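Spelled out, the chains give:
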Amino acid sequence: MNPIILRGVRERLRIKHLIAAGLFSLIITSTVYFSAYLNEANGGWNYNPQTGQMEQDEPSPVKGARHAFTFLLSLQGFYLMFLGTGRVAAISAEEKESGLMDYQRMTPMNPFSKIVGYLFGLPAREYYMFALTLPFLLHCIIVGELAFENIVHLYFVFFSSVMLYHLTAHVIGLVVPKPRAASWVSRIVVLGLYVFLPAFGQAGISFLSFLTILPTYFGKMLPELIEMENSEYYRSNDMINFWQDVPFFGTEISPSLFTLIMQGLILAALLVSAYRKWRNESLPAFSKTSGLIIFAVFQFLLLGSLWPFFSEGKASGLLGENFSLSEAENRGGAPVILLFVQSVFFGLSLLGILTLVNTCCPDRHLHLKGAQRANRLGLPSIPMFADESRGTWFVLALGAMVCTVHAILLSQAVATDLFFSIKPELTAFYLPSLLLIACALYLQAARELWFSLGFWGFVGLLWITPLLASLVLAVGWEEKSLDTVAMLSSLCPILCLPQILASHYPIPIPDEHLHILPFGAFTGLGTASILAIVFSIRLHRKTRI
Amino acid sequence: MISVQDLKIHYGNFVAVDQLTFQVEEGSVYGLIGPNGAGKTTTIKALATLLEPTYGEINLGEVSVLHEPEEARKILGYMPDFPPVYDDLRVDEFCDLFAHAYGLDSSKRKSKVEECLGLTDLLDKRKALCKSLSRGMKQRALLAKTLVHDPEVLLLDEPAANLDPKARIDLRNLLRKLASEGKTVLVSSHVLSELQDLCDTIGIMKNGTMIHSGTIDEIAEKTNPARTVQVHLTEAFDGIEDCLKNFPVISSVHAVDESRKRFEFIHEGSNQVEAEVLSSLVGKGAKIYRFEPKQSKVEDLFLQVESENWKGEIR
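Residues numbered from 1 in each chain as written. Chains lettered and ligands numbered in written order. Predicted model: local features only at pLDDT ≥ 70, side-chain atom pairs only at ≥ 80, totals over all residues. Heavy atoms only, no water.

### Re the interface of chain B and chain A
As a reminder of what qualifies: We call two residues contacting when some pair of their heavy atoms lies within 4.5 Å. We define buried area as the total accessible area lost by two parts upon association, computed with a 1.4 Å probe and summed across both. When a carboxyl oxygen of Asp or Glu is within 4 Å of a side-chain nitrogen of Lys or Arg, the pair counts as a salt bridge. Think of a polar contact as two N or O atoms within 3.5 Å of one another; within protein, one of them needs to be a possible hydrogen donor and the other a possible acceptor, and neighboring residues in sequence only count if both atoms come from side chains. Secondary structure elements are taken from DSSP: a helix is a run of H or I of four residues or more, a strand is a run of E of two residues or more, and numbering for both begins at the N terminus.
Taken residue by residue, the interface counts 37 residues in chain B and 34 residues in chain A. Across the interface of chain B and chain A, roughly 3,400 Å² is buried in total on both sides, 54% from carbon and sulfur atoms. For the chain B face of the interface with chain A, the top three residues by lost area are E52, R73 and Y86 of chain B, together amounting to 20%. Inspection of the region where chain B meets chain A yields 3 salt bridges. Across the salt bridge formed by E70 of chain B and R279 of chain A, the nearest N and O atoms sit 3.2 Å from each other. Connecting chain B to chain A are 10 residue pairs in polar contact (both at pLDDT 80 or more). Among the elements of the structure, β4 (55-60), α2 (69-74), β6 (76-79), α3 (91-101) and α5 (135-147) of chain B are those that each provide at least two residues to the side of chain B that touches chain A. Ranked by the residues each element gives to the side of chain B that touches chain A, the list is headed by α3 of chain B, at 7 residues.

Structure representation (structure tokens):
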């Protein structure tokens, strides 16, 4: 048995723990499960809108078990996803701080064995509590006559989600230097990855919705659970309709398969990061090669998800709903929707570049180390793909990927007659690409010139402060300060891009404000270009010294 | 066995260790001493593969710590200055965890754990939870865990910091025994008197650099070539000062007590001078029952080096 798992079992599953946690799990699960089960099994009460009265259904154990299933699944999620993730994040960070992790790092165990040990050993008690819910699940499947195939699909995704959350928490514990920060960062990342990012599914980027168990639950399980419901409300549930087969390029993929693919990709990225950190704490979380692969996959998924929208105007979520409500009416507003989707695409790509620049580009210390090592080994320079090498080529490659996807999507949009009556100028491709590459270059140079605090301080000052100031101006002075608002907000590239695109698309803007968008666009573009040139020259000079 | 060459470690702009070079012979005990912030712990962490140096080379025998950290870890035992333990594990489970992680067979594990607990005098506490141990006992549990895979090189950061006097003596004897069995021990300590009898060689660090490295006598020679000799007489001898002043290499003579039966003189000569002084005194009728060069203590050396550096900084 893996010694770290054995340690978790010894530490957290002594007799007193078995009794206490066992009683807790059994009492809570049986109370929740049987309350839900008996409520429906004895005939549940429903409101009938036709008669305007509450009516009792026929007693049905099948309905009771199906009704109780969701409650049981929630409890299982609480034990493993909530309690288990918290445990992994807290202990990983605590052990790193106290130095206990150093003992483990020094043992000759394979890093993957150590990762497996932490993932299954730390939440040993939570797995035990989960195991105690299995008899209830068995009862639910047998009495509720649930399809075995759906259950297998759901629990496969359930466990891959659990692994994903636990591994995310563990990696953050390994990567973030301070435990308090690690605890906060893990909460933010788990929320961001699995709550906020899935919301972008509503903007047509469907793959982001598939980071949680919800698509499989709503797409696969819920239709079966409410099969016997009389109420039409349940049958026309939007959630069910949203998470049916996923449009991806020209095909449609089953939600559980897509969820597994998505989670598998993230698991692979997290495993690479955890493996590197276990091998050597001072290594960046990703090498440049793995950074490029991850970003290429990310761009491919973005392209595949947005393809149906750009080529045929089909989209999932709120975007699809709004765009197809009334095609004729929406024709006038189509460029606005296109602009919104493109801005989301660029925004996510830029955040991806920011993350990878922070992770894969060396700080001065690491670069110096690489230069000295190359010198000692008699190499003319640091090898291009080494962690210590300058990241200029790396960010240019990332930028090139985004520009390629942007060009493909834009050409698709131009080829259909859904969005434009007059084809936009070529600058609709060049200018956003130029802005993105300039931003990528100045971020990389800033990362390599300064240490973390300086880098994040710079990003905060350049991107957030003018944005907040422009918000105050917009609220306080409204139309009088629109020029300044456009100028200030354009310093943040995520807001500059819509201004660049809007000045190329036929968007209904009052004539007196027409000059504002190009003004903002060129301020943002000019600032980013100047920063990229100045910082790159400074970095080049530092390297020569 | 341990060879450190041009080691440089930066934390951002701060240089924690700078151009550090020293060697530790196989089967010897090396003491690393220095004030807080001298870079001792950073150096030990770099040796333990837990910190990647900015520059330099570290070798453990044929194994390069920088290029083959996995190989280096197999022969290393590291004990940090603050003893973190798994609070909810029993002492024997704590040691067993690492014996298991280092790949010891299940058949050998139990006996090896018992042996290490015996060496660190924790056998009677083997079923106690780690959190119930005192700080000193935790330190001993940690030492037992460090020894469990029989490492060739032991890196001990302040191992005696929390130990009671008996445990310190036991630790000293244990480390000497391990060194005599061929293990190489590098130990850092603030308890300088402990290092006196424990270490074969010492290194004095300050501000990330090694000021002196060698045996205590070698360092004493380097830092202060003057030697102090104590002369113990059975009865007072009045002519001793005049006799000693005839030797030009002797810089000072004084009585240590009022009865004038103990004298100290300082000279910058060799052993030959001391022999000549002894025979001259005996020849003149001095009844000497003890004639001994005063040993330099690690504490004296450390203070001397510190004050020299301080003067240097002022100049």
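What follows continues from the structure just given.
### Considering unusual backbone geometry
Residues and elements named next belong to chain B. Of note, E158 is a non-glycine position whose phi angle comes to about 50°, a positive value. With respect to the helices and strands, the residue E158 is situated in the loop between β7 (153-157) and α6 (165-180). At R260, a residue that is not glycine, the phi angle is positive and equals roughly 60°. Structurally, the position occupied by R260 is in the loop between β12 (250-255) and β13 (262-267).

### Observations concerning the packing of aromatic side chains
Defined as follows: Centres within 6.5 Å make a pair out of two Phe, Tyr or Trp rings, where for Trp the six-membered ring is used; the pair is then stacked when the planes are under 30 degrees apart, edge-to-face when over 60, and tilted otherwise. The criterion is that NZ of a Lys, or CZ of an Arg, lies within 6 Å of the ring centre and within 35 degrees of the ring normal, and then a charge sits over that ring.
For the structure shown, the criterion picks out 34 aromatic pairs over all chains. Following the ring pairs from residue to residue traces out a cluster consisting of Y33, F34, Y37 and F136 of chain A. Above the ring of F455 of chain A, the side-chain terminus of R447 of chain A is found at 5.9 Å from the ring centroid. Across from the ring centre of F98 of chain B, 5.0 Å away, lies the NZ or CZ of K145 of chain B, which sits over that ring.

### Some words on the pairing of β6 of chain B
All names here are of chain B. Operational definition: A 1.4 Å probe rolled over the protein chains alone gives each residue an accessible area, and that area as a share of the maximum for its type sets the label: buried under 20%, exposed over 50%, partly exposed in between. Only when DSSP finds a minimum of two bridges between them are two strands counted as paired.
Of the two faces of β6, both are covered, the one formed by L76 and Y78 as well as the one formed by G77 and M79. As paired strands, β6 and β7 are joined by 4 bridges and run parallel to one another. Counterpart to L76 in the pairing with β7 is V153.

### Let's talk about the domain arrangement of chain B
All names here are of chain B. How we decide: Residue ranges assigned to the domains are those given by an automatic or database domain assignment. Polar here means any residue other than Ala, Val, Leu, Ile, Met, Phe, Trp, Tyr, Cys and Pro, which are nonpolar, and Asp, Glu, Lys and Arg, which are charged; Gly is therefore polar.
If you check the domain split of chain B, you get domain 1 (2-75 + 151-214), domain 2 (88-149) and domain 3 (222-293). If you average the C-alpha positions of domain 1 and of domain 2, the two centres end up 23 Å apart. Contact with domain 1, which involves 17 residues of that partner, is made by 11 residues of domain 2. Here domain 1 meets domain 2 over a buried area of about 1,100 Å², counting both sides, of which 63% is carbon and sulfur. Among the residues of domain 1 in contact with domain 2, P151, N162 and L174 are the three that bury the most area, contributing 44% of the side total. For the interface between domain 1 and domain 2, the tally reads 1 salt bridge. The salt bridge involving K166 is made with D121; its shortest N-O contact spans 4.0 Å. Those elements that provide at least two residues to the side of domain 1 that touches domain 2 are α2, β7 and α6. With 6 residues, the single largest contributor to the side of domain 1 that touches domain 2 is α6. Residue composition of the side of domain 1 that touches domain 2, grouped by class: 11 nonpolar, 1 polar and 5 charged.

### Describing the environment of L267 of chain A
You can see L267 of chain A is positioned in helix α13 (residues 255-279). Apart from the residues lying within four places of it in its own chain, the contact partners of L267 of chain A are S160, M163, L164 and L167 of chain A.

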